[in-house]
Amino acid sequence: MRIVTLEEHISFPEMAAQIPKDALGGFGQSERMQQLIPKLADITGERLQSMDANGITMQVLSVDSSGANLLSSEEGPAFARQYNDLIAQRIAGFEHRFTVFAHLPMTAPIAAADELERAVTEYHFRGAMIRGLTQDKFLDQPEFAPIFERAEKLDVPIYLHPGLPPKGVADIYYSGLPTHSGMAEALACYGWGWHSETALHVLRLLYSGIFDQYPKLKLIIGHMGEMLPMMMVRSERAFKPGNGGANQRTLTDTFHQQVHITTSGFFTQPPLKIALDTFGIDNLMFSIDYPFSTNEMGIEFLNAIELPDQQVAKIAHGNADKLLKLKL
């Protein structure tokens, strides 16, 4: 069976080295993250071998947290352009195995929209990956409108991935613990904070009316819906149209029409059932979160899904092929 995975990460050391260390807030310094540097830098070596060994047809690559969103509006555009150029060079000849979500200079929104269009039209990238807040701002702020407008025009999705927490949030929520001198990375990022922040981000987009303003926009979120499936019914009541927000449609209708979720990093069946019961089979796509999770974990989970073959195929590749317009 064809298998496509959408949240699979890369980081080139020569690019990550350009990010000021203070902008990373200590992120990436853990022993585990240091061990993953070679895996993040690799595309057609061990990564491809692992894909072959596990029957993965295609990965959609995206740059990790050490990116242009941590640079100024003057520095970001050239950095993002260079990164996208490098990725395109390194997947050349392997386009049947790899495609890409463009890296955008989010601190310069107009330049980000232009870079999205360049990456899509010149390199056939399949959309963009945006990582969390930009200079402490959510995407519902008017300055980011050019990015949504361009994504709609190009008919490509935006993958909203968690990003590093703002310093003020990190200092209050994720610091001051007895065994950490600064931010506790696991608590602030992949163990909890990332996911709650992304759920909040999506709810802000709903509440501020962004989905209604851009009705053709397609948003992807990972990690089995970033806590939203479990909260769906309660949030549906809270965010009814006319209940204080600018949203014109219900949360459920909006999410079914415009929000897609991936399974990245979640490999047990109960969260999958909740995701299917809330977002539905047509809005769910398989992902692994490589190399932070292993391909073996992901494939074992996929093989354990107890659904009709036609529905498993939708999760494994059909929905991604349709949304990203992948060539078969």
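Coordinates for the structure precede this section.
It should be emphasised that the depicted structure is a prediction, and the values quoted were computed from it without experimental measurement.

What counts and how
Residues numbered from 1 in each chain as written. Predicted model: local features only at pLDDT ≥ 70, side-chain atom pairs only at ≥ 80, totals over all residues. Heavy atoms only, no water. Helix = DSSP H or I, 4+ residues; strand = E, 2+ residues; numbered from the N terminus. Buried < 20%, exposed > 50% of the residue type's maximum accessible area, 1.4 Å probe, protein only. Contact = heavy atoms within 4.5 Å. Axes fitted to C-alpha atoms, helices over the stretch in contact; angles between N-to-C directions. Parallel < 35°, antiparallel > 145°, perpendicular 65-115°, else oblique. Nonpolar A, V, L, I, M, F, W, Y, C, P; charged D, E, K, R; others polar. Pairing = 2+ DSSP bridges. Right-handed = clockwise from strand over helix to strand, strands pointing away. Phe/Tyr/Trp six-rings, centres within 6.5 Å; stacked < 30°, edge-to-face > 60°.

Here we look at the environment of Thr 250
By the secondary structure assignment, Thr 250 is in the loop between α12 (228–238) and α13 (251–258). Since its relative accessible area comes to 24%, Thr 250 is described here as partly exposed. As for Thr 250 and Arg 237, which are separated by 13 residues in sequence, their C-alpha atoms are 8.9 Å apart. Once residues lying within four places of it in the same chain are set aside, the contact partners of Thr 250 are Glu 236 and Pro 241.

Some points on the packing of α12 against helix α14 (residues 269–278)
In contact at an axis separation of 8 Å, α12 and α14 are set at 40° when each is read in the N-to-C sense. One element, α12, and the other, α14, form an angle in the oblique class. Contacts between α12 and α14 pair Pro 229, Met 230 and Met 232 from the former with Ile 274, Ala 275 and Thr 278 from the latter. Counted by class, the contact of α12 with α14 contains 5 nonpolar, 1 polar and no charged residues.

Notes on the pairing of strand β2 (residues 58–63)
The two faces of a sheet get side chains in turn, since along a regular strand they alternate between them. In terms of burial, β2 is a largely internal element, 6 of the 6 residues being buried. Going residue by residue along β2, you find Met 58, Val 60 and Ser 62 tucked away on one face and Gln 59, Leu 61 and Val 63 tucked away on the opposite face as well. In the sheet, strand β1 (residues 4–10) pairs with β2 via 5 bridges, with the strands oriented parallel. Bridge assignment links Glu 8 to a residue of β2, and that residue is Leu 61. Direction of pairing for β2 relative to strand β3 (residues 98–100): parallel, over a ladder of 3 bridges. In the strand pairing of β3, Gln 59 is matched with Phe 98. Between the parallel pair β2 and β3, the chain is carried across by helix α5 (residues 76–90), and the sense of this crossover is right-handed.

Remarks on the packing of aromatic side chains
Tallying each qualifying case throughout the model produces 10 aromatic pairs. Relative to Trp 194, the ring of Tyr 190 has its centre 6.1 Å away and its plane inclined at 80°; by these criteria the two rings are edge-to-face.

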